[in-house]
Structure formats: C-alpha cells, structure tokens
Amino acid sequence: VNNRFENNNASLVGTALYLENSNALVQSNHFFGNGFGLNFSVNGGALAVVGGSPRVERNSFLRNRGLDGGGAYLLSTQGTFTGNSFLDNEAARDG
C-alpha cells in the first residue's frame with residue numbers, strides 16, 4: 001500500500017511486482033516507467049498476477065511496457081481490479 005515502483009527491470013515476469021497464487025491487497029501504488037530496459041521481453045510491464053485472488057485497487061500504471069500486458073499481465077487469476085488508472089502503457093503483443 002502506498003508504494004512507488006519506478007524504472008524497474010526483471011528477466012521473467014512482473015517487472016515491478018510479481019504475485020503468484022496470492023490473495024494480497026495491492027492498493028494506492030504508483031507504477032511508472034517499468035520494463036523499459038528489456039526490449040519487450042517480460043510479461044507484465046509493471047505487475048504480473050498468476051493464480052490467486054488478489055485485490056488490485058486505486059493504483060496508477062503510467063508508461064510501463066512488456067511483451068504481454070504493458071501495465072498488467074493476468075494469468076489464471078480470480079483477482080479483482082477496481083478504480084485503477086492505466087495511461088500510456090505499451091505491449092509488444094497482447095494488451
């Protein structure tokens with residue numbers, strides 16, 4: 001809650017934050033400029049959610065990029081997204 005994730009890079013998924021089979025609350029965070037050093041090689045430019053049922057609420061996703069999911073990448077999850085802002089995110093393939 002209330003974190004800033006800026007200019008991060010990763011080698012697999014979830015450049016700034018990766019949740020696997022999690023029921024976490026991700027709330028009121030700022031994700032900016034993540035994934036720019038990777039040449040679109042990572043799924044989830046800012047956030048990747050695989051499985052679980054996290055609650056993602058009132059976050060801002062600005063200028064992130066990834067292979068699939070410029071701002072966020074979701075796979076087999078029952079999580080909810082409420083009141084988030086996505087602006088100027090970029091994906092090389094899907095979403």
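Refer to the structure presented above.
Below: a short report on this structure. (Residues numbered from 1 in each chain as written. Predicted model: local features only at pLDDT ≥ 70, side-chain atom pairs only at ≥ 80, totals over all residues. Heavy atoms only, no water.)

When helices and strands are counted, the chain shows zero helices and twelve strands. Each helix and strand of the chain, placed in order from N terminus to C terminus, yields the pattern β-β-β-β-β-β-β-β-β-β-β-β. Relative to the compact-globule value of 12 Å for 95 residues, the chain shows a C-alpha radius of gyration of 11 Å, a close match. For the chain, the spread of C-alpha atoms along the three principal axes comes to 30 × 25 × 20 Å. For the chain, with 95 residues in total, the buried portion stands at 43%. For the chain, restricting intrachain contacts to residue pairs at least 6 apart in sequence, the fraction spanning at least 24 positions comes to 83%. Surface summary for the chain: the accessible area is close to 4900 Å², and the carbon and sulfur share equals 45%. Measuring between centres, the 6 positive side-chain charges of the chain sit 6 Å from its 7 negative side-chain charges. (Helix = DSSP H or I, 4+ residues; strand = E, 2+ residues; numbered from the N terminus. Rg over C-alpha atoms; globule rule 2.2 N^0.38 Å. Buried < 20%, exposed > 50% of the residue type's maximum accessible area, 1.4 Å probe, protein only. Contact = heavy atoms within 4.5 Å. Areas by Shrake-Rupley, 256 points an atom, 1.4 Å probe, with all protein chains shown as cover. Lys, Arg positive; Asp, Glu negative; His and termini not counted. Charge placed at Lys NZ, Arg CZ, Asp CG, Glu CD.)

These results come straight from atomic positions and should not be treated as a statement about function.
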